[in-house]
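# Observations on the model geometry
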Amino acid sequence: MTEVQPIGDKAQIDSADPDFGLEQHGDTWVLSGELTVRSLGAALPRLMALDGTTLALDLRGLTRFDTAGAWALLHLRDQRQSAGYDVTVHAQTADQKALIARVEQAIPDAPETRTERRSINDVLAAIGQGVVGVGRFLAEILAMLGVFLARLAYLARNPSQFRLTALIYHADQVGWRAVPIVSLMAFLIGVVLAFQGAVQLRQFGAEIFVVDLIAISILRELGILLTAIIVAGRTASSFTAAIGSMKMREEIDAMNTLAIDPATVLFVPRILALLITLPILGMVANVMGLFGGALMSWIELGISPAMFLTRLIEDTSLNHVIVGFVKAPVFAIIIGVVGCHAGMQVGGNAESLGQQTSSAVVRAIFAVILADALFSVFFAMMGI
Amino acid sequence: MEHDTVIRLRGIRNQFGAQVVHENLDLDVYRGEVLGVVGGSGTGKSVLLRCIAGLRPPQAGSIEIFGHDALNCTEAERRAIDQRMGVMFQDGALFSSLTVRENVEVPMRTVPGLTAAMRRELADLKISMAGLPYIAGDKFPSELSGGMRKRAGLARALALDPEIVFLDEPTAGLDPIGASAFDELINGLSQSMGLTVFLVTHDLDTLHATCGRIAVLAEKRVMYTGTMSDMLDVDHPWVHEYFHGPRARAALDTKERIA
């Protein structure tokens, strides 16, 4: 026997719905008015509160009666019967009888729900699954990178299958359209560096070194890193959303059946467009950063643009520029692969699209920063 | 036999840009009937359904539902009308981030006084009435087959025991067994719950099995209404082809064999 579960709050019994009436005539309770889904909230607690070992309910006064009402009567009957009491329902019209019969037939046998408590094993299992998940994720990312490189090599041998239009479209989307935001960001970073550097260096009378400060930090680290972070936010999300919604609407499956390789058509143009445009964006960022720094140095420290330029050319090793640009293709591949991979992970519902889009951005930014840190260590050890 | 008209359309015009889909369209839907709406592709069957369901106001004409003017009414009145109608969209149009049970509970949340436990039990009942197994309630729409999604869509449309349900191609894409089970479901529900059903379909078997009356959309209006046997006598070439074509004969044979 299943445990009797009370349904409805006691508090609602007092606030009787005016549409539903319940009157006692001898042994019989006569229901009147409306017993529908709308009056159920008020009616059910009143029905459940009826006393007596035998209950007879008469539906003759009901003006409206629906499946929710029929369910309420059957619910009352089942609960009383399981407690050993007797409930009879006298339906007046054929419609009422038919409705009750139909609902009775349809009431599902709810399997008993078990509430499981979390044990230490579950916690350990969750941790283990998390670790395995990370490992699997890295393997999948590597697989995606492999697919990209393989298709790229294939296209290099079969250039006729290469989709140039798609490449140009994506280069426009991820590169050209990112120029304003990247320029503004780099310009402001240059301004901030010059301003902060000036305050510190003036104490030692070493204002001129602000040029080295700006040049090294922008060319070596900030220009390309911040560009990559902005592009990760803009582009990884758009890759995921575009590929993910195609996955959701089975367009990717359609491609597979039409013998079109999704990797060739979707991944290669996108990642390649990033690979081409990210170094260019980095260069734009470098120029704008130096411009911002030079402008601020002139205003704040009186270092003329000519002097800034001379100092920049004489004192800044070309190594810094090379170190900066070596990182750009790596960042581009990270962003592209993470974005495309997340797109392919989208399931059948709209929620997973949103989840994957935001996690693509987080992962791409994290991976870019991690790669940058590894580069720093590497270059420091190499003494470059 | 007297008719209680629940939906009255008069002089409806729908157009998209220069393309007129409906012009001067009149249609009555009577209480408790199953009305089948047929028409060739592009005759605006779904547009008509969306128009009555309030998703797309027509450019001209009047719509009366339950005796209320559905076009010139306040938002609260419109919502009251909407609560008495249920719509089942072609692919279910279920909320993909909710389970089937939560989907069915969504309309119930607008009803004051219903507790979470009542909603849950009623949702399970509706899921079962729509012919889905109990465990389907815990699944997400993406985990269901097309036929099950349609049934879940029907369960949601029936959540508040509407007086009218609109079904947009309920049997399209179902296997014949599933489709006739759906026909029986519609019949059973319309009889026991007194439902009025507005059914857009291409399925001749469904028309035979369920529809008391058929409305044919052609030449931008409702050209003919009548029972199945009325339709068989119509001279209009398209209607004749529709109801006398090879598929129609097959459907008729099936029906006679069953009868």
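Nothing here was measured: the structure is a model prediction, and the numbers come from that model.

## Some words on the overall build of chain B
- The secondary structure content of chain B amounts to 10 helices and 10 strands.
- Within chain B, the fraction of its 259 residues that count as buried is 46%.
- Counting contacts in chain B only where the partners sit at least 6 residues apart, residues at least 24 apart contribute 65% of the total.

## Focus: the overall build of chain A
- Along chain A, the regular secondary structure elements total 12 helices and 4 strands.
- The buried share of chain A, taken over its 384 residues, is 34%.

## Points about the sheet that holds strand β5 (residues 68-69) of chain B
All names here are of chain B.
- One open sheet holds the 4 strands; their spatial order is β2-β1-β4-β5, and the pairing between them is antiparallel. On the outer flanks of this sheet lie β2 (19-30) and β5, each paired with one strand and no other.
- Alignment of strand β4 (residues 60-65) against β5, held across 2 bridges, turns out to be antiparallel. Residue pairing across strands places Ile-65 opposite His-68, the latter belonging to β5.

## Observations concerning the sheet that holds strand β4 (residues 86-90) of chain A
Residue and element names in this part refer to chain A.
- On the basis of which strands lie adjacent, the open sheet formed by 4 strands has the order β1-β2-β3-β4 and mixed pairing. Each edge of the open sheet carries a strand with a single partner, namely β1 (20-25) and β4. The sheet shows a mean angle of 25° between the axes of neighbouring strands, taken without regard to direction.

## Digging into the interface of chain B and chain A
- Each side of the interface is counted separately: chain B has 25 residues, and chain A has 29 residues.
- Breaking the side of chain B that touches chain A down by element, the ones donating at least two residues are α4 (116-129) and α6 (176-193) of chain B.
- No other element matches α4(B), which puts 8 residues into the side of chain B that touches chain A.
- When the residues that make up the side of chain B that touches chain A are grouped by side-chain class, the tally is 12 nonpolar, 10 polar and 3 charged.

## Considerations on the confidence of the model for chain A
- Per-chain confidence: chain A averages 87 in pLDDT, with 93% of residues scoring 70 or above.
- This model gives residues 1-17 of chain A a pLDDT under 50, and the stretch forms 30 contacts once residues within four places in sequence are excluded.

## Focus: the packing of helix α3 (residues 94-106) of chain A against α6(B)
- Contact geometry for α3(A) and α6(B): axes closest at 8 Å, N-to-C directions at 135°. Relative to α6(B), the element α3(A) is oriented oblique. Across the interface between the two elements, A:Ala98, A:Leu99 and A:Arg102 of α3(A) pack against B:Gly188, B:Gln191, B:Ser192 and B:Met193 of α6(B).
- Of the residues belonging to the contact of α3(A) with α6(B), the class tally is 3 nonpolar, 3 polar and 1 charged.

## Notes on helix α5 (residues 146-157) of chain B
All names here are of chain B.
- Helix length check: α5 (12 residues) gives 16 Å between terminal C-alpha atoms against 16 Å at 1.5 Å per residue, within 8%.
- Within α5, 11 of the 12 residues are buried, which leaves the element mostly enclosed by the surrounding structure.
- Taken as a whole, α5 has its buried residues at Gly-147, Met-148, Arg-149, Lys-150, Arg-151, Ala-152, Gly-153, Leu-154, Ala-155, Arg-156 and Ala-157.
- Of the surrounding elements, those touching the buried residues of α5 are β6 (85-88), α3 (100-108), α4, β7 (164-168) and α6.

## What to know about the pairing of strand β9 (residues 213-218) of chain B
Residue and element names in this part refer to chain B.
- By the bridge criterion, 5 bridges tie strand β3 (residues 34-39) to β9 in an arrangement that is parallel. Considered in β9, the bridge of Leu-35 is made with Arg-213.
- In terms of strand pairing, β9 meets strand β10 (residues 221-226) through 5 bridges, oriented antiparallel. Looking at β10, one finds that Ile-214 is bridged to Gly-226.
- Counted between consecutive antiparallel strands, the loop separating β9 from β10 contains 2 residues, among which Glu-219 sits at a positive phi close to 50°.

## Observations concerning unusual backbone geometry
- One non-glycine residue, A:Ala259, lies in the positive phi region at around 60°.
- Inspection of the secondary structure puts A:Ala259 in the loop between α8 (251-257) and α9 (262-301).
- For A:Ala259, a count of 6 C-beta atoms within 10 Å puts it in the exposed group.
- Positive phi outside glycine occurs at B:Asp161, with the angle close to 50°.

## Side note on the packing of helix α4 (residues 120-157) of chain A against helix α11 (residues 318-344) of chain A
Residues and elements named next belong to chain A.
- Relative to each other, α4 and α11 sit at 110°, their axes nearing to 10 Å. Viewed along their axes, α4 and α11 adopt a mutual orientation that is roughly perpendicular. Residues Glu-140, Ile-141, Met-144, Leu-145 and Phe-148 of α4 lie in contact with α11, whose contacting residues are Ile-333, Val-337, Val-338, Cys-340 and His-341.

## A word on the pairing of strand β1 (residues 5-16) of chain B
Residues and elements named next belong to chain B.
- Sheet topology note: the β1/β2 ladder contains 8 bridges and is antiparallel. In the strand pairing of β2, Arg-8 is matched with Asp-28.
- Where β1 folds back onto β2 in an antiparallel hairpin, the turn is made up of 2 residues, including Gly-17, whose phi is positive at roughly 60°.
- Relative to β4, β1 is paired through 5 bridges, and the arrangement is antiparallel. Across the sheet, Arg-8 pairs through a bridge with Glu-64, a residue of β4.

## Points about the confidence of the model for chain B
- Across chain B, the average pLDDT comes to 85, with 97% of residues at or above 70.
- Taken together, the chains of this predicted complex give a pTM of 0.68 and an interface ipTM of 0.79.

## A closer look at the environment of B:Val21
All names here are of chain B.
- Take Val-21: it is sitting in strand β2.
- Distance from Val-21 to Lys-220, taken between C-alpha atoms, is 5.7 Å for residues 199 residues apart in sequence.
- In contact with Val-21, not counting residues within four places along its chain, are Asn-14, Gln-15, Phe-16, Gly-44, Val-47 and Lys-220.

## Points about the environment of B:Val222
All names here are of chain B.
- Checked against the element boundaries, Val-222 lands in strand β10.
- Take Val-222: there are 21 C-beta atoms within 10 Å of it, and that puts it in the buried class.
- Leaving out residues up to four positions away in the same chain, Val-222 has contacts with Leu-25, Asp-26, Leu-27, Ala-215, Val-216 and Leu-217.

Here is what the cut-offs are and how they apply
Residues numbered from 1 in each chain as written. Chains lettered and ligands numbered in written order. Predicted model: local features only at pLDDT ≥ 70, side-chain atom pairs only at ≥ 80, totals over all residues. Helix = DSSP H or I, 4+ residues; strand = E, 2+ residues; numbered from the N terminus. Buried ≥ 20, exposed ≤ 12 C-beta atoms within 10 Å, placed from the backbone. Contact = placed C-beta atoms within 7 Å. Pairing = 2+ DSSP bridges. Axes fitted to C-alpha atoms, helices over the stretch in contact; angles between N-to-C directions. Nonpolar A, V, L, I, M, F, W, Y, C, P; charged D, E, K, R; others polar. pLDDT = per-residue confidence, 0-100. Parallel < 35°, antiparallel > 145°, perpendicular 65-115°, else oblique. Expected span 1.5 Å × (residues − 1).

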